[in-house]
Amino acid sequence: MTLATAMVADTPWQIVAAAPTAELLAPLHAGRWWPWILWAVLALFGLLATGLLEGLGRARLRALDVASTDVLTGLPNRRGMQDVLARAAALSTRHGLPLAAMIIDIDRFKAVNDIYGHEVGDRVIRQVGVALANAARGEDVAGRWGGEEFLVVMHVDRVGALDAAERFRVAIESAVDRDAGTVTASIGVAAVHGGDVARLLHAADAAMYVAKEAGRNRVELSPLSAGDMSEPSLDDRSLIRPT
């Protein structure tokens, strides 16, 4: 008997075909080569088509990864973090898990760019990205939200979010740049049960404004709580956002 096997894609299964060897070789003994040539050509085209489809699939995955990754820090970019938020909110709603977000804004970043140049500014952003990635734990996801702002999403309550935010603040403060000196950030934190992402981000952003106004390099918790889905009492629209 002659056996031929092939894996079934995305499964642990194999297809096994068996035929008497004498029957397979009978056309050769009779001088009839054309069926074998035809099968060889079809097999070659099948292999080429499979390779092309696999290559296209890998290229698509690479393109999606690039589109969701910040080129400066290697962290998820705004688009990537929006996907993270959507998944985290769905998980929080489905299983009743707490959902926390923190907006992290580098202090006086405009002055860094103005005094030392954008090259130093880019280096500071990269250092903050590294500090956040190193300080993140478990399922925490940190990404660059835009400009000098970062976003961290995690499934923890208010106490856990405050502890994590302080850990991030210390990690950023330890990222000293050789030109710009000590780097600090103001962090706004909000935590809820449920998946209203827009209100969660609004609350964290408003708390970050408070941290700026209170002197920077600090963590502030939004009044938004697990059972309170009302808007934060702070009217953040009246604030001129410090840098």
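Summarised in this report is the structure supplied together with it. This one's a predicted model, so the numbers in the text were calculated from it and none came from an experiment.

## Comments concerning the pattern of salt bridges
Inspection of the entire model under this criterion finds 11 salt bridges. We note a salt bridge from Asp179 to Arg123, for which the minimum N-O separation is 2.6 Å. You can see Asp179 sitting in the loop between helix H6 (158–173) and strand S6 (185–193) and its partner Arg123 sitting in helix H5 (residues 118–135), a full 56 residues away along the chain. Under the relative-accessibility criterion, Asp179 is labelled partly exposed at 36%. A relative accessible area of 12% means that Arg123 is categorised as buried. Counted as one network, the salt bridges with shared partners bring together Asp105, Asp107 and Lys212.

## Re the packing of H5 against H6
Two elements in contact, H5 and H6, have axes separated by 9 Å at closest approach and are oriented at 140°. Between H5 and H6, the interaxial angle falls into the category oblique. When you trace H5 past H6, the crossing you get is right-handed. Every residue of H6 that contacts H5 at Val128, Ala131, Leu132 and Ala135 is listed here: Arg167, Phe168, Ala171 and Ile172.

## With respect to the sheet that holds strand S4 (residues 141–146)
Read from one edge to the other, the open sheet built from five strands follows the order S4-S5-S3-S6-S7, with strand pairing classed as mixed. Looking at the sheet topology across the chains shown, the edges are occupied by S4 and strand S7 (219–221). Here the strands of the sheet are splayed against their neighbours by 20° on average, with no regard to which way each runs. As defined by bridge partners, S4 adjoins strand S5 (residues 149–154) across five bridges and the pair is classed as antiparallel. Considered in S5, the bridge of Ala142 is made with Val152. Across the sheet, helix H7 (residues 197–213) is in contact with strand S3 (98–106), S4, S5, S6 and S7; its angle to S6 comes to roughly 145°.

## Re the nonpolar core
With 31 residues, the main nonpolar core has Met102, Ile104, Val124 and Phe168 as its most contacted residues. Elements represented by at least two residues in this core include exactly S3, helix H4 (109–116), H5, S5, H6 and S6. In terms of residue count, H5 provides more of this core than any other element does, seven residues in total. What Val124 contacts, discounting residues up to four positions off in sequence, is Ile106, Phe109, Val112, Asp177, Ala180 and Val183. Residues Leu99, Trp145, Val153 and Val197 belong to the second largest nonpolar core, which totals 20 residues.

Definitions and cut-offs
- Residues numbered from 1 in each chain as written.
- Predicted model: local features only at pLDDT ≥ 70, side-chain atom pairs only at ≥ 80, totals over all residues.
- Heavy atoms only, no water.
- Salt bridge = Lys/Arg side-chain N within 4 Å of Asp/Glu carboxyl O.
- Helix = DSSP H or I, 4+ residues; strand = E, 2+ residues; numbered from the N terminus.
- Buried < 20%, exposed > 50% of the residue type's maximum accessible area, 1.4 Å probe, protein only.
- Axes fitted to C-alpha atoms, helices over the stretch in contact; angles between N-to-C directions.
- Parallel < 35°, antiparallel > 145°, perpendicular 65-115°, else oblique.
- Left-handed = near helix turned anticlockwise from the far one by under 90°.
- Contact = heavy atoms within 4.5 Å.
- Pairing = 2+ DSSP bridges.
- Core = buried A, V, L, I, M, F, W, Y, C linked by side-chain atoms within 4.5 Å.

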